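Structural characterization, general
Take a look at the letters that make up each chain.
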Amino acid sequence: MSNTVELDKKVSDFSAETNEGTIHLKDFAGKYLVLYFYPKDNTPGCTNESKDFRDHYDAFTALNAEIVGVSRDSLKSHQNFIDKHNLPFELIADTEETLCQQFDVIKEKNMFGKIGRGIERSTFLINPKGVLIAEWRKVKVAGHVAEVLQTLKASQ
């Protein structure tokens, strides 16, 4: 099994630090997992995306899905972000980029004329058996959460 994820293939188990402790992919066995990667806490696009997932959280949980956000920010930054925007789900602090590499979301980006490495906004839908059933890369925030929810409904 390769280190990076592939559609319709089982995702390798991982462990990651969140604001509530260590989590593993296997912790979500029997549930759908929406794993969304975003560049940075408290930036406009990331805040809007996270608040959109927050606002649809009950619809996701009603469909047996958990939502987990991932960025390279620290646990302290994540806790502030959660508190500020009342986010009802955990955020992974992938400071070592382990998960980012597994899901191949670190890309060279041009930010205001400066080339740097960063997270390409991406979302992954993993089924209750741990298989990646949908992925969205180069995500545009507007309408994205509704599209993920629609895909989740269609996969039930």
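Along each chain, numbering runs from 1 in the same order as the chain's sequence is written. Under the rules for a predicted model, residues below a pLDDT of 70 receive no local features and side-chain atom pairs below 80 are neither given nor counted, while totals for whole chains, interfaces and linings still include all residues. Side-chain measures were taken over the full set of non-hydrogen atoms in the model, leaving aside hydrogen atoms and water.

The condition is simple: UniProt positions are given in the numbering used here, feature names are shortened, and annotations may be inferred rather than shown by experiment.
As recorded in an unreviewed UniProt entry, the protein chain goes by thioredoxin-dependent peroxiredoxin and comes from Oligella urethralis DNF00040. Under the UniProt heading Sequence similarities (unreviewed entry), the note attached to the protein chain is "Belongs to the peroxiredoxin family. BCP/PrxQ subfamily."

Focus on the overall build of the protein chain
Under the convention used in this document: Going along the chain from the N terminus, every DSSP run of H or I of four or more residues is numbered as a helix, and every run of E of two or more is numbered as a strand. In this treatment the radius of gyration is a C-alpha quantity, and the globule benchmark scales as 2.2 Å times the residue count to the 0.38 power. Note on exposure labels: buried denotes an accessible area under 20% of the residue type's maximum, exposed denotes more than 50%, and partly exposed covers the range between, all computed with a 1.4 Å probe on protein chains only. Contact definition: two residues touch when any of their heavy atoms are within 4.5 Å.
Helix and strand counts for the protein chain stand at five helices and nine strands. Traced from its N-terminal end to its C-terminal end, the protein chain shows the element sequence β-β-β-α-α-β-α-β-α-β-β-β-β-α. Radius of gyration (C-alpha) of the protein chain: 15 Å, near the 15 Å computed for a compact globule of 156 residues. Each of the three principal axes of the protein chain carries a C-alpha extent, and together these read 40 × 35 × 30 Å. By the burial criterion, 47% of the 156 residues in the protein chain qualify as buried. Expressed as a percentage of contacts within the protein chain between residues at least 6 apart in sequence, the contacts between residues at least 24 apart total 62%.

Thoughts on the environment of Val70
Within the secondary structure layout, Val70 lies in strand β4 (residues 65–71). Its relative accessible area of 0% is what places Val70 among the buried residues. Note: C-alpha distance between Val70 and Ile133 (63 residues apart in sequence) is 19 Å. Ignoring anything within four residues of it in the chain, the contact list for Val70 reads Leu35, Tyr36, Phe37, Tyr38, Ile92, Asp94, Leu99 and Ile119.

Topic: the nonpolar core
Operational definition: In these notes, a set of buried Ala, Val, Leu, Ile, Met, Phe, Trp, Tyr and Cys residues joined through side-chain atoms within 4.5 Å is what counts as a nonpolar core.
Formed by 24 residues in total, the largest nonpolar core has its most connected members in Phe53, Phe60, Ile67, Phe89, Leu91 and Leu152. When contributions to this core are tallied by element, the ones reaching two or more residues are β3 (32–37), α1 (44–55), α2 (57–62), β4, α3 (75–85), β9 (132–136) and α5 (144–154). With four residues, α5 is the single largest residue contributor to this core. Once residues within four sequence positions are removed from consideration, Phe60 is found in contact with Val34, Phe53, Ala65, Ile67, Val145, Val148, Leu149 and Leu152.

What to know about α5
Defined as follows: Of all possible arcs, the one meant is that of the directions from the helix axis to the C-beta atoms.
Inspection of α5 places His144, Val145, Val148, Leu149 and Leu152 among the buried residues, and these make up the whole buried set. For α5, the angular spread of the buried residues around the axis is 135 degrees, confining them to a single face. Here the buried face of α5 lies against β3, α1, α2, β4, β8 (122–126) and β9.

A closer look at the packing of aromatic side chains
For clarity, the threshold we go by: Here a pair means two rings of Phe, Tyr or Trp (six-membered ring of Trp) with centres within 6.5 Å. Their orientation is stacked below 30 degrees between planes, edge-to-face above 60, and tilted elsewhere.
Enumeration according to the criterion identifies 10 aromatic pairs in this entry. Consider the rings of Tyr36 and Phe89, whose centres lie 6.0 Å apart with planes at 80 degrees: the pair is edge-to-face. Note that Tyr36 is positioned in strand β3 and Phe89 in the loop between α3 and β5 (90–93), a separation of 53 residues in sequence. Both residues of the pair, Tyr36 and Phe89, belong to the buried class. On the numbers, 6.0 Å between centres and 35 degrees between planes, the contact of Tyr38 with Phe81 is tilted. Separated by 43 residues along the polypeptide, Tyr38 in the loop between β3 and α1 and Phe81 in helix α3 bring together distant segments of the chain. The exposure class assigned to Tyr38 is buried, which follows from its relative accessible area of 0%. Note on Phe81: relative accessible area 0%, which makes it buried.

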